[in-house]
Amino acid sequence: MRREHFTLDVSNVDWVETDGEPAKPSVSIDFTGPATDLRERLTGPDGDVLEASETDAALRLQGPLGEDTDGVVSLANRTTGEFLLELNEDADNVLRFIRAARGYGEDETDEGRYEIEILFDGEEFVSYDKGTFLVYDEDGNLLRQHSLIPSGIEL
């Protein structure tokens with residue numbers, strides 16, 4: 001699967017900068033490549049689609065923070081560590097999304113701070129409510145202050 005087969009779109013993030021009414025941030029990842037490949041990756045050994053608790057979302061920066069840098073957004077299988085999908089995205093766009101998810105989580109009792117929808121050619125395949133989004137620098141070091149880590153979670 002090629003990173004070019006993925007498009008990322010975020011919604012419900014503008015309220016943070018305008019002090020508007022909090023809304024659950026959402027990220028849509030649309031895949032336009034061969035659906036069989038991604039479907040197989042998103043399915044566990046039992047044939048069922050992986051649950052939200054079986055996946056981890058992350059951003060790996062490709063350059064220093066504060067500069068106009070890109071990053072690689074990934075969704076990984078928590079058990080095997082295998083990358084389910086990866087795509088290039090502007091790091092500032094993702095960090096803005098994480099700030100919105102953090103702000104939403106402060107005011108809401110909902111378990112998920114944000115939602116990830118994975119689409120095949122515009123049709124929803126799976127949707128996850130998530131509470132964690134890890135951010136790593138270009139050397140692979142966890143940036144806790146920029147990550148979305150629920151309280152009580154030790155990494």
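Look up: the structure comes first, before these words.
Cut-off values and rules
- Residues numbered from 1 in each chain as written.
- Predicted model: local features only at pLDDT ≥ 70, side-chain atom pairs only at ≥ 80, totals over all residues.
- Heavy atoms only, no water.
- Pairing = 2+ DSSP bridges.
- Helix = DSSP H or I, 4+ residues; strand = E, 2+ residues; numbered from the N terminus.
- Axes fitted to C-alpha atoms, helices over the stretch in contact; angles between N-to-C directions.
- Patch = residues over 30% accessible without salt bridge, like charges linked within 9 Å, V, L, I, M, F, W, Y side chains within 5 Å.
- Areas by Shrake-Rupley, 256 points an atom, 1.4 Å probe, with all protein chains shown as cover.
- Salt bridge = Lys/Arg side-chain N within 4 Å of Asp/Glu carboxyl O.
- Lys, Arg positive; Asp, Glu negative; His and termini not counted.
- Charge placed at Lys NZ, Arg CZ, Asp CG, Glu CD.
- Buried < 20%, exposed > 50% of the residue type's maximum accessible area, 1.4 Å probe, protein only.
- Phe/Tyr/Trp six-rings, centres within 6.5 Å; stacked < 30°, edge-to-face > 60°.

**Q** Mind showing me how you'd approach the sheet that holds strand E2 (residues 26–31) here?
**A** Think of a sheet as strands paired side by side through backbone hydrogen bonds, with each pair either parallel or antiparallel. On the basis of which strands lie adjacent, the open sheet formed by four strands has the order E1-E2-E6-E7 and mixed pairing. Pairing within the sheet leaves two strands with one partner each, and these edge strands are strand E1 (6–11) and strand E7 (123–130). Here the average twist between neighbouring strands, direction ignored, is 20 degrees.

**Q** Would you take a moment to explain a negative patch on the surface for this structure?
**A** Taken together, Glu67, Asp68, Asp70, Asp92, Glu138 and Asp139 make up a surface patch of like negative charges. Position of Asp139 relative to the elements: it lies in the segment after strand E8 (134–136). The exposure class assigned to Asp139 is exposed, which follows from its relative accessible area of 62%.

**Q** Any chance you could explain the packing of aromatic side chains here in plain terms?
**A** Each pair of aromatic rings is reported with the distance of its centres and the angle of its planes. For the coordinates displayed, the defined rule picks out six aromatic pairs. Aromatic pair Phe31 and Phe120: ring centres 6.2 Å apart, planes at 70 degrees, arrangement edge-to-face. Taken together, the positions of Phe31 in strand E2 and Phe120 in strand E6 (residues 114–120) put the pair 89 residues apart, joining distant regions of the chain. Residue classification places Phe31 among the buried residues on the basis of a relative accessible area of 1%. A connected cluster of aromatic rings, assembled from ring pairs, spans Phe6, Phe31, Phe120 and Phe125.

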